[in-house]
Amino acid sequence: MSRPILLSLAHMSGKEEQYIREAFETNWVVPLGPNVDGFEKDLENWLSAKADRKLHVVALSAGTAAIHLALVMLDVQPGDEVICQSFTFSASANPICYQGAVPVFVDSEPGSWNMDPVLLEEAILDRQKKTGKLPKAIIPVHLYGTPARMNEICAVAQKYGIPVVEDSAEAQGSVYDGRYCGTLGTYGILSFNGNKMITTSGGGALICPTKEAADRVKFYATQAREKFPWYQHEKIGYNYRLSNISAGIGRGQMTVLDAHIAHRRAIHARYVEELKGLPGIEVMQPKADAETHPNYWLSTLLVHPEEAGIGYQKLADILKEKQIETRPLWKPLHLQPVFKDAPKYINGISEKKFKEGLCLPSGPMVSRDDQSFIIETIRQTIQKNN
Ligand SMILES: *Cc1c(COP(=O)(O)O)cnc(C)c1O
């Protein structure tokens, strides 16, 4: 058995090296090149199986860079406000601050743990009353791969004419109402960080609504160089493109993406099945407003201390002694010191989950035996405390 058992370790298909070798042999060891174009095409083709429109993908150096460029494209300016889900990783909100804008945090609804559409509308109306203008964008997140209530969120967004930037960093392959996450908003973002569904060792993508938008994103991502014989600049640019080497890893990873999704779904199904009936233990199973198929990027567990006999912290310590890695849920951003002055619309859901929840090992390197050991350790621990 492999030890330690990690939360979400990357797994290579074996094809990555072939694409990297091609890059070396053709001397494309530079930013951009055929692997970048190929990776973008692979992503577009893969997404098109479950999308209601043609999509245009731009490969970037990180998911964070993708969120940033979406906000640049939506003309988010200093002093503007952008609504962001509070229950998420800081990278969802940091780019708002890069633009000198103000994040406004909205809490979650209990079924998906994602942005509450009712609270969203309350927040929009209250911001309009307090500032005299509407927020410039809305950033919902599909936390741990569970789709947010996008039909309702998009209906609210449309009512007020506010674009949606869908943070799908954890949700590549999750399906909501027949469509892939990342294709549901105005812009969608993906992450290829080492622990996400697939990796390029570091990278991301911005899913754009039109070819014109995608071309403009490429322009901003390569230092905003105007079409002149010399280096002419009329906008502030960024160095955000994915390298041709990283894109080669991405092309190899695309060949195992569907297998990785199936693996994580099977891991989740087994946690649900085999931890069923343990007092105070609840594996997260989303309740949605439409048909959804989460990718179950990370399986998450709630530990209700009165019935379980112990809290999540104690359980995490015991698992750690057995070299099983776990992690608390994302600490809501409205509780983070760095965002303490940001306006917030809170209902207590994310704080409650944060105090009870754990992420369990869920990655492609978690074997059947590994998972048996994790489940058995949790079962024995809870039985001993009851
Ligand atoms: C990982 C992640 C990001 C950032 O992606 P990077 O590629 O690491 O920059 C953004 N949002 C969420 C919810 C994430 O989990």
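Here's a quick rundown of the structure. Since we're looking at a predicted model, the values are computed, not measured. All chains use their own residue numbering, which begins from 1 and follows the written sequence. Only residues with pLDDT of at least 70 are given local features in this predicted model, and only at 80 or more are side-chain atom pairs given and counted; all residues enter the totals for whole chains, interfaces and linings. In computing side-chain properties, one takes all heavy atoms of the structure into account and sets aside hydrogens as well as water.

1. What to know about the overall build of the protein chain
Line of reasoning, step 1. Secondary structure follows DSSP: runs of H or I at least 4 residues long count as helices, runs of E at least 2 residues long count as strands, and numbering of each begins at the N terminus. Helices and strands together make up the secondary structure of the protein chain, namely 13 helices and 15 strands.
Line of reasoning, step 2. The atom set for the radius of gyration is the C-alpha atoms, and the globule formula is 2.2 Å times the number of residues raised to the power 0.38. Taken against the 2.2 N^0.38 rule, which gives 21 Å for 386 residues, the C-alpha radius of gyration of the protein chain at 21 Å falls within 12% of a compact globule.
Line of reasoning, step 3. Along the longest, intermediate and shortest principal axes, the C-alpha atoms of the protein chain span 75 × 60 × 35 Å.
Line of reasoning, step 4. Each residue is assigned to one of three classes by its accessible area relative to the maximum for its type, calculated with a 1.4 Å probe on protein chains only: buried under 20%, partly exposed between the two thresholds, exposed over 50%. Of all 386 residues assigned to the protein chain, the portion counted as buried reaches 56%.
Line of reasoning, step 5. The criterion used for residue contact is that any of the two residues' heavy atoms lie within 4.5 Å. Sequence separation of 24 or more characterises 73% of the internal contacts of the protein chain that already satisfy a separation of 6 or more.
Line of reasoning, step 6. Carbon and sulfur atoms provide 52% of the accessible area of the protein chain, an area that totals close to 16100 Å².
Line of reasoning, step 7. In this tally Asp and Glu are treated as negative and Lys and Arg as positive; neither His nor the chain ends contributes. A charged residue contributes its charge at one atom only: NZ of Lys, CZ of Arg, CG of Asp or CD of Glu. Counting 42 positive and 44 negative side-chain charges, the protein chain places the centres of these two groups 2 Å from one another. Here the Shrake-Rupley method, with its probe set to 1.4 Å, supplies the accessible areas, and only the displayed protein chains count as covering residues.

2. What about the side chain of Lys353?
Line of reasoning, step 1. Inspection of the secondary structure puts Lys353 in helix 12 (residues 349-354).
Line of reasoning, step 2. For this document, the term salt bridge refers to a Lys or Arg side-chain nitrogen within 4 Å of an Asp or Glu carboxyl oxygen. Buried within the structure, Lys353 lacks any salt-bridge partner; Glu356 is the closest side chain of opposite charge, at an N-O distance of 5.6 Å.
Line of reasoning, step 3. Those residues within four positions of Lys353 in sequence are excluded, and the remaining contacts are Phe87, Trp113, Leu302 and Leu329.

3. Brief notes about helix 13 (residues 368-384)
Because an α-helix completes one turn every 3.6 residues, residues spaced three or four positions apart along the sequence face the same direction.
Line of reasoning, step 1. Here the expected span of a helix is defined as 1.5 Å times the quantity of residues minus one. For helix 13, spanning 17 residues, the distance from its first C-alpha to its last is 24 Å, which sits close to the expected 24 Å at 1.5 Å a residue.
Line of reasoning, step 2. Among all positions in helix 13, only Asp370, Gln371, Ile374, Ile375, Thr377, Ile378, Thr381 and Ile382 are buried. Viewed end-on, helix 13 has its buried residues packed into an arc of 155°, placing them on one side of the element. Opposite the buried face of helix 13, by more than 90 degrees, sit the exposed residues Arg368, Asp369 and Lys384.
Line of reasoning, step 3. Those residues of helix 13 that are buried are in contact with helix 9 (257-275), strand 10 (281-283), strand 12 (299-303), helix 10 (305-308), helix 11 (312-321) and strand 15 (357-360). Note: the arc covers the axis-to-C-beta directions of the helix.

4. Let's talk about the packing of helix 5 (residues 117-131) against helix 6 (residues 150-160)
Line of reasoning, step 1. Between helix 5 and helix 6, whose axes approach to 9 Å, the crossing angle comes to 20°. Here helix 5 lies roughly parallel to helix 6, going by the angle between them. The way helix 5 lies across helix 6 gives a crossing that is right-handed. Mapping the contact onto sequence places Pro117, Leu120, Glu121, Ile124 and Leu125 in helix 5 and Glu152, Ile153, Val156, Lys159 and Tyr160 in helix 6.
Line of reasoning, step 2. Its residues placed into classes, the contact of helix 5 with helix 6 shows 7 nonpolar, no polar and 3 charged. Fitted lines through C-alpha atoms give the axes, limited to the stretch in contact for helices. The angle between two N-to-C directions lies from 0 to 180 degrees. In what follows, roughly perpendicular refers to angles from 65 to 115 degrees, roughly parallel to angles under 35, roughly antiparallel to angles over 145, and oblique to any angle outside these ranges. The hand of a helix crossing depends on one turn: near helix anticlockwise from the far one by less than a right angle means left-handed, and clockwise means right-handed. Gly is put with the polar residues, along with every residue not named as nonpolar or charged; the nonpolar set is Ala, Val, Leu, Ile, Met, Phe, Trp, Tyr, Cys and Pro, and the charged set is Asp, Glu, Lys and Arg.

5. As for helix 11
Line of reasoning, step 1. Looking at helix 11, one finds that the buried residues are Tyr312, Leu315, Ala316, Ile318 and Leu319. One face of helix 11 carries all of its buried residues, which in axial projection span an arc of 165°. Among the exposed residues of helix 11, those oriented more than 90 degrees off its buried face are Lys320 and Glu321.
Line of reasoning, step 2. Contacts made by the buried residues of helix 11 are with strand 10, strand 12, strand 13 (327-328), helix 12, strand 15 and helix 13.
Line of reasoning, step 3. Just downstream of helix 11, Gln323 is the residue with a positive phi angle, here 60°.

6. With respect to a nonpolar patch on the surface
Line of reasoning, step 1. What goes into a patch is any residue over 30% in relative accessible area without a salt bridge, connected to like charges within 9 Å or, for nonpolar side chains (Val, Leu, Ile, Met, Phe, Trp, Tyr), within 5 Å. On the surface, a cluster of nonpolar side chains totalling about 240 Å² of accessible area is made up of Leu6, Leu9 and Met365.
Line of reasoning, step 2. Within the element layout of this structure, Met365 appears in the loop between strand 15 and helix 13.

7. So, unusual backbone geometry
Line of reasoning, step 1. With a phi angle near 60°, Asp75 is a residue other than glycine that sits in the positive phi range.
Line of reasoning, step 2. Relative to the helices and strands, Asp75 resides in the loop between helix 3 (63-73) and strand 2 (81-85).
Line of reasoning, step 3. Among the residues examined, Asp75 registers a relative accessible area of 41% and is labelled partly exposed.
Line of reasoning, step 4. Positive phi is not limited to glycine here, since Ser201 has a value of about 75°.
Line of reasoning, step 5. On the secondary structure map, Ser201 appears in the loop between strand 8 (187-191) and strand 9 (204-208).
Line of reasoning, step 6. According to the relative accessible area criterion, Ser201 is exposed, its value standing at 57%.

8. Quick word on the sheet that holds strand 5 (residues 165-167)
Line of reasoning, step 1. A pair of strands counts as paired when DSSP detects no fewer than two bridges linking them. Strand order in the open sheet made by the 4 strands is 1-9-8-5, with mixed pairing throughout. This sheet does not close on itself; its edge strands, each paired only once, are strand 1 (56-60) and strand 5. Adjacent strand axes in the sheet meet at a mean angle of 20° when their direction is disregarded.
Line of reasoning, step 2. Note: strand 5 against strand 8, 3 bridges, orientation parallel.

9. Regarding the environment of Val165
Line of reasoning, step 1. Among the structural elements, Val165 can be located in strand 5.
Line of reasoning, step 2. Residue class for Val165 comes out buried when judged on its relative accessible area of 0%.
Line of reasoning, step 3. Apart from residues lying up to four places away in sequence, Val165 is in contact with Ala70, Leu71, Leu74, Ile138, Ile139, Pro140, Tyr187 and Ile189.

10. Quick word on the state of the cysteines
Line of reasoning, step 1. Disulfides are defined in this document as cysteine sulfur pairs within 2.5 Å. Applying the stated criterion across every chain, the model contains 0 disulfides.
Line of reasoning, step 2. Cysteine Cys84 is unpaired, with the sulfur of Cys97 as its nearest cysteine sulfur at 9.4 Å.
Line of reasoning, step 3. In this structure Cys154 is a free cysteine whose sulfur lies 11 Å from that of Cys181, the closest cysteine sulfur available.

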